[in-house]
Amino acid sequence: MYRLLIILISFLFTVHTVCASVAIPYVFVKNYTVDDYKASCQNWGFSLTPDGMLYVANNSGLLAFDGNTWRLYSLPGQEEVTGVTNYNDTIYTRNETMLGSWNDKDGTLRYRPLNTVPPEVRFTPPAVETPFTLPKEIQDAQPSAFATNGTLFFIGTLTQGLYITDSDGTILQHLSLQNQLQDNIVRFICVQDTRQIWVALDNGLSQISFDPPITLLGKRSAIGKLANAGLDGEELYIQTNLGYFKRSLGATSPFVPVNEAEAQPYLKTDKAPVPDVKQLFRNTEALGIFAQAGLVYPAGDDLYWLSIGNEAGLFHVADGIGTLKCRLLFDNYNMNLVTRGKRIIPLNDSLVLVSAMQGALLINIRELIGNSLGSTPLKISGLEYVDASGIHRLPINTQHISLPHDFQEFNVWAGTTIFTSNHQISYKIEGVSSDWSAWQHDGKITFLQLPEGRYELKVRKYVIKGPYPELTLPIEVRPPWYNTVWAWLVYIALVWFLVQAVLRYNLRNLHKEEQEKAEAERQAEQQQMQLIKNQMLEAELQNKNNELTLQTTALVKRNQAVQSLLEELEKQKETLGERYPNKLYIRMKTLMEETLNNQADWVLFESYFNSTHQNFMDRLRQRYSDLTTGDLRICCLLRMNLSTKEIASLMNVSVRAIELRRYRLRRRLELEGDTNLVDFLMGF
């Protein structure tokens, strides 16, 4: 009885010890190199903020990471940052000589030097007391950093990387340069949550996840390309192009070669042909990208894996309708599915083995779906545009983006935060493209020179289950100043004024044309009247000229008749002698001579002549003042183109006398010898 009691007590103690011990965790290490964060390799510390930002003290300055994009903020003088922490939404940094704070402005941190910091600000985390004595292996590796998540203890060293122990000091995992870490010198350990930590190394950074839903069981370089697999309790058997292997599902168990006879009974066998997507689903459009999947893998209980590209989705099929249970984009884990051969091998209702280019991946579907619940939303961590004048940063809380028409580049930084394992994003610009971009890890979205108008930038985040979380950012590209409403109002006003000016100009021209037409008509009428008047004057002048000619002719004929009578009188007197009474002879001769020398006839002649020949005599008197009355009369008679004989008759002198007087007249008029007297007088 006593012996049985001892056995029972020993059994209970053993059970308690087993239950109290901590299982060795799987680890998934994601390393970040200088090529990733573009700064110095040496890092000194971390600070996590509640909004999912990670800040790193780096030799090049302060590093900030939102899950997608690394940004480096340099100190004045390009000095290093050896310590970082946050308190009340303010980031504090230090080095050997400087203290300072960083405030977010328009999505960019601005540095302000400080002499002191608030007493609540602590650059070193509270000391971690290990409830055990450090194993000699860890002591020899020179411990440099301590942290705990409450269950596991993390001890960083200066020579052998990172040790993970339980509360008893048992080493569960040792990560080093030879085993997943990229450096053996650990400077700082930051606990993100119970399943993730960050490690600052002398050469890079590492994010370590414990018991992740996706685990790399064996590298392809060691086991080859996965072809088939099967599970026997906790023992996993696989077939690859290098042979057959088995291992326990325990975290530290390696694959060991086995013979075909041992492994074959547990490997999956395809008993029925695998249907394609169109045979399984009535409405393939509801499958999204998986409608084009060429690979289908039955998982039992009406569950099917569909795979396309580097993505896989698990669907439940009922009556030809597919319901998405979860999806996996292996880009999130820096893994790549094989391009040929079997990709997915379901092991049971929760475990799936995946053939990747990196090796064999074990996926726990239940944990994968559970971890995806409560996924953090997207957020904007930076906005800026570039134009000819430089870079312009915008507040990250801007609800409506307004860009100038001549902007050259617009950049948006979207962050998924570090609290998620899915960091891939996709985007599209409504109004430019209706297709989503390919999934990308980089949170920077850039587009160039959009035409003026209104757009919507939509960004979505990859999630394991359910619809993709989206954010929408309205964007307006303003028109150039010459295409604004005010400019068009000015254009309309200018057009109106131009139309008015043209109308006024045309009206003035029309009025001017009417005036010119009226003036032309008036001038034509005046010309017509002047023509009529000239014609009348010419007729009157012609009449006067005719009257002058008639009068002159009459005078010539009268004088000639009187002269003939006078000659006849002289002949009769000579013939009759004394018989013709002297009294009668003298009387008749006197009357005839008075008739020939009648001055009244000359006065009337001069009157007619002046009216006909435009004061010809007055002009001669003005120019040649020494002309006598007889000279003027001869000039008038010569202008009328009368012969010497006719002039002699009119003036009752001899032809010889007229010729002498013409000679004297030429001298008085100072005419050259070759100048015709009549032509001169007619042209005067």
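Up top is the structure these notes are about.
Residues numbered from 1 in each chain as written. Predicted model: local features only at pLDDT ≥ 70, side-chain atom pairs only at ≥ 80, totals over all residues. Heavy atoms only, no water.

Caption draft 1: Geometry of the packing of helix α13 (residues 644–651) against helix α14 (residues 655–668). Two elements in contact, α13 and α14, have axes separated by 8 Å at closest approach and are oriented at 105 degrees. Judged on the interaxial angle alone, α14 and α13 are roughly perpendicular. Side by side, α13 and α14 meet where Thr644, Lys645, Ile647, Ala648 and Met651 of the first sit next to Val655, Ile658, Glu659, Arg661 and Arg662 of the second. Here the residues of the contact of α13 with α14 sort into five nonpolar, one polar and four charged. (Axes fitted to C-alpha atoms, helices over the stretch in contact; angles between N-to-C directions. Helix = DSSP H or I, 4+ residues; strand = E, 2+ residues; numbered from the N terminus. Parallel < 35°, antiparallel > 145°, perpendicular 65-115°, else oblique. Contact = heavy atoms within 4.5 Å. Nonpolar A, V, L, I, M, F, W, Y, C, P; charged D, E, K, R; others polar.)

Caption draft 2: Quick look at the pairing of strand β19 (residues 235–240). Summarising the sheet, strand β18 (residues 226–232) and β19 pair through six bridges and their orientation is antiparallel. Of the residues in β19, the one forming a bridge with Leu231 is Leu236. In this structure, β19 lies alongside strand β20 (residues 243–248), joined through six bridges in antiparallel fashion. Looking at β20, one finds that Glu235 is bridged to Ser248. (Pairing = 2+ DSSP bridges.)

Caption draft 3: Seen up close, a nonpolar patch on the surface. A cluster of nonpolar side chains, namely Val495, Val499, Leu503, Leu507 and Leu510, defines an oily patch on the protein surface of about 440 Å² accessible area. Structurally, Val499 is set in helix α8 (residues 485–576). (Patch = residues over 30% accessible without salt bridge, like charges linked within 9 Å, V, L, I, M, F, W, Y side chains within 5 Å. Areas by Shrake-Rupley, 256 points an atom, 1.4 Å probe, with all protein chains shown as cover. Salt bridge = Lys/Arg side-chain N within 4 Å of Asp/Glu carboxyl O.)

Caption draft 4: Region of the structure containing the pattern of salt bridges. Scanning the model with the defined rule gives 12 salt bridges in all. With its nearest N and O atoms 3.3 Å apart, the salt bridge here joins Glu430 to Lys428. On the basis of relative accessible area, Glu430 is assigned to the partly exposed category, the value being 27%. Between Arg522 and Glu519 there is a salt bridge whose closest N-O contact spans 2.1 Å. Placement of the pair is Arg522 and Glu519 together in helix α8, with a separation of three residues, close to one helical turn. Where salt bridges share partners, they join Lys428, Glu430 and Lys458 into one cluster. (Buried < 20%, exposed > 50% of the residue type's maximum accessible area, 1.4 Å probe, protein only.)

Caption draft 5: Just the sheet that holds strand β21 (residues 256–258), in detail. Spatially, β18-β19-β20-β21 is the arrangement adopted by the four strands of the open sheet, whose pairing is antiparallel. If you trace the sheet from one side to the other, it starts and ends with β18 and β21, each paired once. Across the sheet, the axes of successive neighbouring strands diverge by a mean angle of 30 degrees, strand direction being ignored.

Caption draft 6: Inspection of α14 at higher detail. Taking 1.5 Å per residue as the helical rise, α14 with its 14 residues ought to reach 20 Å, and the 20 Å between its terminal C-alpha atoms agrees with that figure. Along α14, the positions that sit buried rather than exposed are Ile658, Arg661 and Leu665. An end-on view of α14 places all buried positions within 65 degrees of arc, on one side of the element. Among the exposed residues of α14, those oriented more than 90 degrees off its buried face are Arg656, Tyr663 and Arg667. (Expected span 1.5 Å × (residues − 1). Arc of directions from axis to C-beta.)

Caption draft 7: Molecular detail of the layout of surface pockets. Counted as a void, the largest pocket has a volume near 740 Å³. Taken together, 27 residues line the largest pocket, and the ones lying closest to its centre are Asn179, Gln180, Leu216, Leu217 and Lys219. Those elements giving two or more residues to the lining of the largest pocket turn out to be β1 (27–32), β17 (214–219) and α4 (220–223). By residue class, the composition of the lining of the largest pocket is 13 nonpolar, 11 polar and three charged. (1 Å grid on protein atoms, 1.4 Å probe; cavity = no way out; pocket = protein on both sides within 12 Å on 5 of 7 lines; lining within 4 Å. Points joined across faces, edges and corners; volume = space filled by probe spheres on them.)

Caption draft 8: Molecular detail of the sheet that holds strand β25 (residues 321–329). Spatially, β22-β23-β24-β25 is the arrangement adopted by the four strands of the open sheet, whose pairing is antiparallel. Single-partner strands in this sheet number two, and they are β22 (295–300) and β25. Strand-to-strand twist across the sheet, computed as the mean angle between neighbouring axes with direction ignored, equals 25 degrees. Bridge analysis of β22 against strand β23 (residues 303–308) gives five bridges, and the strand direction is antiparallel. Note that in β23 the partner of Gly300 across the bridge is Leu303.

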